[in-house]
Amino acid sequence: MDYITAKWLHILSSTLLFGTGIGTAYFMIGAVFTRDPKIIAAVGKKVIVADWLFTATTVVIQPVTGFYLVYLADIPLTSRWVLWSTALYLLAGACWLPVVWLQIKMQQLAESANLNKNGLTSLFWRYFCLWIALGVPAFIALIIVFYLMVAKPV
């Protein structure tokens, strides 16, 4: 694979990773703010599918293409921007894994509340707060990674 192809795949997958994250967060937050379990359950199901379909695949493609680009450009793995990008990417990933679990649990709780004609439980709201608390640092970490990929500060 040549440099241009690897770079294109890297940029495309980073766009999908970030875009899916922003988009699913936007729709999930919008659904939750309705406080309607039926809407939250339906949107939550789509968010979970999008995460597995787009985010999970790009989570793999990003480091493969990224490290391949570093290799092709003969950039030392010990470069500060490479080390920082890697650490921040791992931080975002460490936040994302529990976020996916939380989304599944929130969707199940909303589905149960809808079927039983109940309101959302306090457990749902705790999960939602934790989902936000994990999503914010993941978002910030990826914004910084984008900067580092473009600027490559020494």
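Preceding block: the structure.
Figured I'd write up the structure that's included with this text. Just so we're clear, the structure is a prediction, and the values are computed from it rather than from any experiment.

**A closer look at helix H3 (residues 80-115)**
With 36 residues, H3 extends 52 Å from end C-alpha to end C-alpha; this agrees with the ideal 52 Å at 1.5 Å per step. Just downstream of H3 lies lysine 117, where phi reads positive at about 55°.

**Observations concerning empty space enclosed by the protein**
Applying the stated criterion to the full structure yields 1 cavity of 30 Å³ or more. Roughly 60 Å³ of internal volume is contained in the largest cavity. Looking at the largest cavity, the residues that line it are Ser14, Leu17, Phe18, Gln62, Tyr89, Leu142, Val145, Phe146 and Met149. Sorting the residues of the lining of the largest cavity by element identifies helix H1 (3-34) and helix H4 (122-151) as the ones contributing at least two each.

**Some remarks on the packing of aromatic side chains**
Considering all chains together, one arrives at 10 aromatic pairs under this definition. Consider the rings of tryptophan 125 and phenylalanine 128, whose centres lie 6.0 Å apart with planes at 90°: the pair is edge-to-face. Of this pair, tryptophan 125 and phenylalanine 128 both sit in helix H4, 3 residues apart, which is roughly one turn of that helix. The ring of tryptophan 81 is capped by lysine 152, whose NZ or CZ atom sits 5.4 Å from the centre of that ring.

**Concerning the nonpolar core**
With 32 residues, the main nonpolar core has Ile40, Met106, Phe124 and Trp131 as its most contacted residues. Contributions of two or more residues to this core are made by H1, helix H2 (37-72), H3 and H4. Dropping the residues within four chain positions of it, phenylalanine 124 is found in contact with Val32, Ile40, Met106, Leu109 and Ala110.

**Thoughts on unusual backbone geometry**
Phi at arginine 35 is positive, roughly 60°, even though this residue is not glycine. Residue position: arginine 35 is located in the loop between H1 and H2. You will see that lysine 152, though not glycine, has its phi angle at about 45°, which is positive. With respect to the helices and strands, lysine 152 occurs in the segment after H4.

Rules behind the numbers
- Residues numbered from 1 in each chain as written.
- Predicted model: local features only at pLDDT ≥ 70, side-chain atom pairs only at ≥ 80, totals over all residues.
- Heavy atoms only, no water.
- Helix = DSSP H or I, 4+ residues; strand = E, 2+ residues; numbered from the N terminus.
- Expected span 1.5 Å × (residues − 1).
- 1 Å grid on protein atoms, 1.4 Å probe; cavity = no way out; pocket = protein on both sides within 12 Å on 5 of 7 lines; lining within 4 Å.
- Points joined across faces, edges and corners; volume = space filled by probe spheres on them.
- Phe/Tyr/Trp six-rings, centres within 6.5 Å; stacked < 30°, edge-to-face > 60°.
- Lys NZ or Arg CZ within 6 Å of the ring centre and 35° of its normal.
- Core = buried A, V, L, I, M, F, W, Y, C linked by side-chain atoms within 4.5 Å.
- Buried < 20%, exposed > 50% of the residue type's maximum accessible area, 1.4 Å probe, protein only.
- Contact = heavy atoms within 4.5 Å.

Just geometry here; none of it tells us what the structure is for.
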